[in-house]
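An overview of the molecular structure
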Amino acid sequence: MLDKLKELGSSIGLNPADWSEQDIEEQKLGWYPGHPTPDDPLRWGRTFPEGARETLQNTQMRRNLGYATGKIRTKRNTRVEELPDWEELREAGSLIKRNTLAHLPELLETFEQKVTERGGIVHWARDAAEANEIAYSIIAAKGVDEVVKVKSMATQEINLNSYLEERGIEAWETDLAEMIVQLSHDMPSHIVVPAIHRNRSEVKAIFEARMEGRPRFATNEPRELAMAARAHLRKKFLSAKVAISGANLGVAETGTLAVYESEGNGRMCLTLPETLITVMGIEKIVPSYRDIEVFSQLLPRSATGERMNPYTSFWTGVTEGDGPQEFHLILLDNGRTNVMKDEVGREALKCIRCAACMNICPVYRVSGGHAYNSVYPGPIGAILTPQLLNATDRKDPATSLPFASTLCGACYDVCPVKINIPEILVHLRHTITEANRGGLPNAWDVAMKGTSSVMSSGKKMERAGNAMKAGRLAAGRDRKIGHIPLPVAKEWTGTRDVPAPPATSFRTWWNDEHEETK
Amino acid sequence: MKIALFSTCLNDVMFPQAAQATVRLLERLGHTVAFPREQACCGQMHVNTGYYPEAMPMIRNYVSTFEPVLDGEWDIIVAPSASCTGAIRTQHAMVARTQGDEELATRAERVAAKTVDLPELLIDVLGQADVGAYFPHRVTYHTTCHSLRVTRVGDKPLQLLNHVDGMDFVPLPDADVCCGFGGTFSLKNADVSAAMMSDKMGNIKATGAEILVAGDYSCLMNIAGGLSRTRSGIRAMHLAEVLAGTRDEPWVAPATNTKVGA
Ligand code: SF4
């Protein structure tokens, strides 16, 4: 009986024993425990409201996020406002991407041909399992047990690090923030700044506990921490024989790939090792070399609020005597062709992963990336994750994502490639609703059906308005309705008062006032 | 001018003062206001929650109720709500089209083109930033997301407030950030919604304003609900209520209505 109670308590996050466990763990670690690696990086297992219920309690994280996103937003706005042709650039970015999607098969074939001509080896992966298998077999053939990595969302999406680890290969993340996430056995919570949920003190504690050689720091000054990371990484760069990267874009016309980064770790990985493996989503293609001009202006400004990011690396196949002598490109589908099928939803594939939408999103700001239960959080995650997974069954936690937005529209306005995220959110809500018709209706189906007829007729509204007066009985003399213990209303009245309905609806008042006018 | 009023369903049954103030303001400015009786709801909540077929009767009803505007019965349609105006302008035709009713979609587009939010009517159509209003209170203004990013009324409400006599206006920090309402979002994601609302309340309280003004009672219902629960003593009012009264004839909502927030 008691066990059952405890179990029930745990399931709704109300078992004090669990809290103390988490507190004890946090005490021991010196930082709030990270999110364990999920089996599927696109579907960690919980719905958005369930995830948010936990993350909202982490007030330190909320503070970290509020501070960091605020900083990036301000920088981004400054750098965008100084460009007179920003709107034209956005339009150009959007059209180039639309054009790409319209001709994707041909462009991919050209791209493959160009990469091959220049000495690269192209592999096609339908899903995560195939991509991982290809990457692993290349690495295994080299007989190494460690690789260095450039920060990449594509490899996060397929869980490559875990796959390799299970097979005895250690993959070292070399991006500072990604390294913090890796050392703290955590998941990224942002697509550009993966450790945005951590502050300096937490980073210091993580480094002291988990970095090779267990360094000790006198302060939590960023410079001191970064120098330690630098020394640690330098050894890895110099010894690694194989590097793994993602790509920000691939140029079909020339077979050129690009990585935009800030720390130079990417440049190290892309030039020092003998073998380079790049995993790239098939939507990252742009048709021609000239298109780079547009994205080089859009991406850094939107991502980090810089005119140009410090390191931008381009490479085409292999070059004798310069850089990696073996280059493998894994082109990843993993649900992207599924997204292509939806005329409205496919706009999500224009995304250049700048994260501007999550930096501005007020939902993301309070709930944090982990609440989204996917490596793609924020507004773009809310439309991309369910589409990549083809999630339409309400039982699938990913179907909660399109509802994780107030439709405030801020994401659409900042998106450098003009993805109308609110429109796609509504579209996906519709798709999910339609896909679940015919089954047992839930409370929402009943409410929406039930109100449809009343709310589409003036006469019925008049009667409803009169009936609303009953609500005045529930209110006290102060004409306020406080907590209502009804299941539907409690979400609202848990934190807000509801004013009592007026004694007269507008309609009735109008009728009285304007009797003469019909 | 002959102006048809779309009161919106929320104002009709919960916050008649917004529509009453709009009527008073427009009549005071010398216009004729009509209230087509068959009007009901714009369907925004149903569309935004994903229920397109259920929203169709509402869209059809809105279009047929207000279609006479195209024959000159009225010059324009005004709704004292940016989110309803936005839904009419950006969603009606889209939903009708998705549901295979091209004829309704075309009609909806034409009626939507004649539908404006109150600040748009006053500034763009009537060209009147100064409506002669008097409102001697300390006021702050929440811009509301749909007025900024769907109907794009921009700073028109602020232009109007700027001309209000006697008002002590305090800008609201992060005014353009969502209050967390989002229609059914506030129920489906109640925890996140409450967290966002609490951030919003913090900013409002920091202004020291007596009254929070916005152009939409949906957002106001959300924020005022929190302001009331926390006993902040700050009231919420619609922009129309601030603009309705003059020095000689102050506007007071009929006693049958509910004051929000306090
Ligand atoms: S959706 Fe737009 S704003 Fe968001 S990450 Fe992608 S490109 Fe950037």
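Residues numbered from 1 in each chain as written. Chains lettered and ligands numbered in written order. Predicted model: local features only at pLDDT ≥ 70, side-chain atom pairs only at ≥ 80, totals over all residues. Heavy atoms only, no water.

In the annotation of an unreviewed UniProt entry, chain B is listed under the name (Fe-S)-binding protein and assigned to Flaviflexus equikiangi.

As recorded in an unreviewed UniProt entry, chain A goes by Iron-sulfur cluster-binding protein and comes from Flaviflexus equikiangi.

**Quick notes on the side chain of Ser 457 of chain A**
Keep this limit in mind: By the criteria applied, helices consist of DSSP H or I runs no shorter than four residues and strands consist of E runs no shorter than two, each listed in order from the N terminus. A 3.5 Å cut-off defines polar contacts: any pair of N or O atoms within that distance qualifies, except that in protein one atom must be a possible hydrogen donor and the other a possible acceptor, and neighbouring residues in sequence count only when both atoms are side-chain atoms. Contact definition: two residues touch when any of their heavy atoms are within 4.5 Å.
In this structure, Ser 457 of chain A sits in the loop between helix 21 (443-454) and helix 22 (458-468). Of note is the side chain of Ser 457 of chain A, whose polar atom sits 3.1 Å from the backbone nitrogen of Lys 460 of chain A. Not counting the four nearest positions on each side in its chain, Ser 457 of chain A is found in contact with Glu 38, Ala 40 and Asn 61 of chain B.

**Details of the packing of aromatic side chains**
Let me state the cut-off plainly: In summary, the pairing rule links any two rings of Phe, Tyr or Trp, Trp by its six-membered ring, whose centres are within 6.5 Å, and it sorts them by plane angle into stacked for under 30 degrees, edge-to-face for over 60 and tilted for everything else. For a ring to carry a charge above it, either NZ of a lysine or CZ of an arginine must fall within 6 Å of the ring centroid while also lying within 35 degrees of the normal to the ring plane.
As enumerated under the stated definition, the model contains 15 aromatic pairs over all chains in all. Connected via pairs of aromatic rings, a cluster forms that spans Phe 506, Trp 509 and Trp 510 of chain A together with Phe 35 of chain B. The ring of Tyr 136 of chain A is capped by Arg 167 of chain A, whose NZ or CZ atom sits 5.9 Å from the centre of that ring.

**Observations regarding helix 11 (residues 200-210) of chain A**
Residue and element names in this part refer to chain A. Using the following cut-off: Buried, partly exposed and exposed residues are distinguished by accessible area as a fraction of the type maximum, computed with a 1.4 Å probe on protein chains only: under 20%, between the cut-offs, and over 50%, respectively.
Of the residues making up helix 11, those classed as buried are Glu 202, Val 203, Ala 205, Ile 206, Phe 207 and Glu 208. Summarising the contacts, the buried residues of helix 11 are in contact with helix 4 (59-81), helix 10 (176-183) and helix 12 (222-239). Capping the start of helix 11, Asn 199 holds a side-chain oxygen 3.2 Å from the backbone nitrogen of Ser 201, two or three residues further along.

**Overview of the site of the ligand**
All names here are of chain A. Our working definition: Proximity criterion: a residue is near a molecule or strand once any of its heavy atoms comes within 4 Å of it. Only protein atoms enter the 1 Å grid used here. Points where a 1.4 Å probe fits but cannot escape make up a cavity, open sets with protein on both sides within 12 Å along at least five of seven lines make up a pocket, and a residue lines them when an atom lies within 4 Å of a point. Each molecule is assigned to a cavity or pocket provided more than half of its atoms lie within 2 Å of the corresponding grid points. Under the grouping applied here, Gly and all other residues not named as nonpolar or charged are polar, the nonpolar ones being Ala, Val, Leu, Ile, Met, Phe, Trp, Tyr, Cys and Pro and the charged ones Asp, Glu, Lys and Arg.
Close contacts around the ligand come from 13 residues, with Cys 351, Cys 354, Ala 355, Cys 357 and Cys 415 the closest. Placement of the ligand is best described as lying within the second largest cavity. Looking at the shell around the ligand, its residues break down into twelve nonpolar, no polar and one charged.

**Quick look at helix 4 (residues 52-66) of chain B**
An α-helix turns once every 3.6 residues. As a result, residues three or four positions apart point the same way. Residues and elements named next belong to chain B. For clarity, the threshold we go by: Take the number of residues in a helix, subtract one, and multiply by 1.5 Å to get its expected span.
Helix length check: helix 4 (15 residues) gives 21 Å between terminal C-alpha atoms against 21 Å at 1.5 Å per residue, within 8%. Counted residue by residue, helix 4 has eleven buried out of 15 residues, so it is predominantly covered. Within the sequence span of helix 4, burial applies to Tyr 52, Glu 54, Ala 55, Met 56, Met 58, Ile 59, Asn 61, Tyr 62, Val 63, Thr 65 and Phe 66.

**Some points on a nonpolar patch on the surface**
This is how it is decided: Only residues whose relative accessible area exceeds 30% and that form no salt bridge enter a patch; like-charged residues are grouped when within 9 Å of one another, and nonpolar side chains (Val, Leu, Ile, Met, Phe, Trp, Tyr) when within 5 Å. With residues, only the protein chains shown are counted as cover, and all accessible areas are computed by Shrake-Rupley using a 1.4 Å probe. We define a salt bridge as a side-chain nitrogen of Lys or Arg found within 4 Å of a carboxyl oxygen belonging to Asp or Glu.
On the surface, Leu 2, Leu 5 and Leu 8 of chain A cluster together into a nonpolar patch covering about 310 Å² of accessible area. In this fold, Leu 2 of chain A is placed in helix 1 (residues 2-11).

**Overview of unusual backbone geometry**
A negative phi angle characterises most non-glycine residues, just as the trans form characterises most peptide bonds. All names here are of chain A. At His 185, a residue that is not glycine, the phi angle is positive and equals roughly 50 degrees. With respect to the helices, strands and loops of the structure, His 185 is situated in the loop between helix 10 and helix 11. Residue Asn 390 is not a glycine yet carries a positive backbone phi of 55 degrees. The topology assignment puts Asn 390 in the loop between helix 18 (378-388) and helix 19 (410-414). The class of Asn 390 is partly exposed, set by a relative accessible area of 49%.

**Observations concerning empty space enclosed by the protein**
Residues and elements named next belong to chain A. Worth spelling out the cut-off: Grid points are joined across faces, edges and corners, and a volume is the space filled by probe spheres set on the points.
Summed over the entire model, instances satisfying the criterion amount to seven cavities of 30 Å³ or more. Its volume calculated, the largest cavity comes out at about 100 Å³. Mapped onto the lining of the largest cavity, the elements with two or more residues apiece are helix 17 (362-367), helix 18, helix 19 and helix 20 (421-435). Split by residue class, the lining of the largest cavity holds twelve nonpolar, three polar and no charged. Counted as a void, the second largest cavity has a volume near 80 Å³. In this structure, the second largest cavity is lined by Cys 351, Ile 352, Arg 353, Cys 354, Ala 355, Cys 357, Ile 380, Cys 415, Pro 416, Val 417, Ile 419 and Ile 421. A per-class count over the lining of the second largest cavity returns eleven nonpolar, no polar and one charged.

**Overview of the packing of helix 2 (residues 16-28) of chain B against helix 8 (residues 118-125) of chain B**
All names here are of chain B. Rules: Convention adopted: a line fitted to C-alpha atoms gives each axis, helices being fitted over their contacting stretch, and angles between N-to-C directions are expressed from 0 to 180 degrees. Any angle between 65 and 115 degrees counts as roughly perpendicular, while under 35 counts as roughly parallel, over 145 as roughly antiparallel, and the rest as oblique. Crossings are sorted by hand: turned counterclockwise from the far helix by less than a right angle, the near helix makes the crossing left-handed, and turned clockwise it makes it right-handed.
Running from amino to carboxyl end, helix 2 crosses helix 8 at an angle of 15 degrees, the nearest separation of the two axes being 12 Å. One element, helix 2, and the other, helix 8, form an angle in the roughly parallel class. Classified by chirality, the crossing of helix 8 by helix 2 is left-handed. Where helix 2 approaches helix 8, its residues Thr 22, Leu 25 and Leu 26 are matched on the opposing element by Leu 118, Leu 121 and Leu 122.

**Notes on the interface of chain B and chain A**
What counts is decided by this rule: Here's the idea: put two parts together, see how much 1.4 Å probe accessible area each one loses, and the total over both is what we call buried area.
With 75 residues of chain B in contact, the opposing surface of chain A contributes 71 residues. When the two sides are added together, the surface that chain B and chain A hide from each other amounts to roughly 6,200 Å², 60% of it contributed by carbon and sulfur. Of all residues in chain B, Arg 37, Tyr 51 and Arg 229 of chain B bury the most surface against chain A, accounting for 11% of the area lost on that side. Between chain B and chain A we count eight salt bridges in total. For Arg 229 of chain B, the salt bridge identified is with Asp 497 of chain A, shortest N-O distance 2.7 Å. Linking chain B with chain A are 31 residue pairs in polar contact (both at pLDDT 80 or more). Residue contributions to the side of chain B that touches chain A peak at nine residues, all from helix 12 (residues 190-207) of chain B.

**Re the sheet that holds strand 2 (residues 32-34) of chain B**
All names here are of chain B. What counts here: DSSP-based pairing: two strands are paired if at least 2 bridges between them are found.
The four strands lie next to each other as 2-1-3-4, forming an open sheet whose pairing is parallel. In this open sheet, the two strands that pair with only one neighbour each are strand 2 and strand 4 (115-117). When strand polarity is set aside, the average angle formed by the axes of neighbouring strands in this sheet is 35 degrees. In this sheet, strand 2 lies alongside strand 1 (residues 2-5) in parallel orientation, the contact comprising three bridges. Paired with Ala 4 across the strands is Ala 34, a residue of strand 2.

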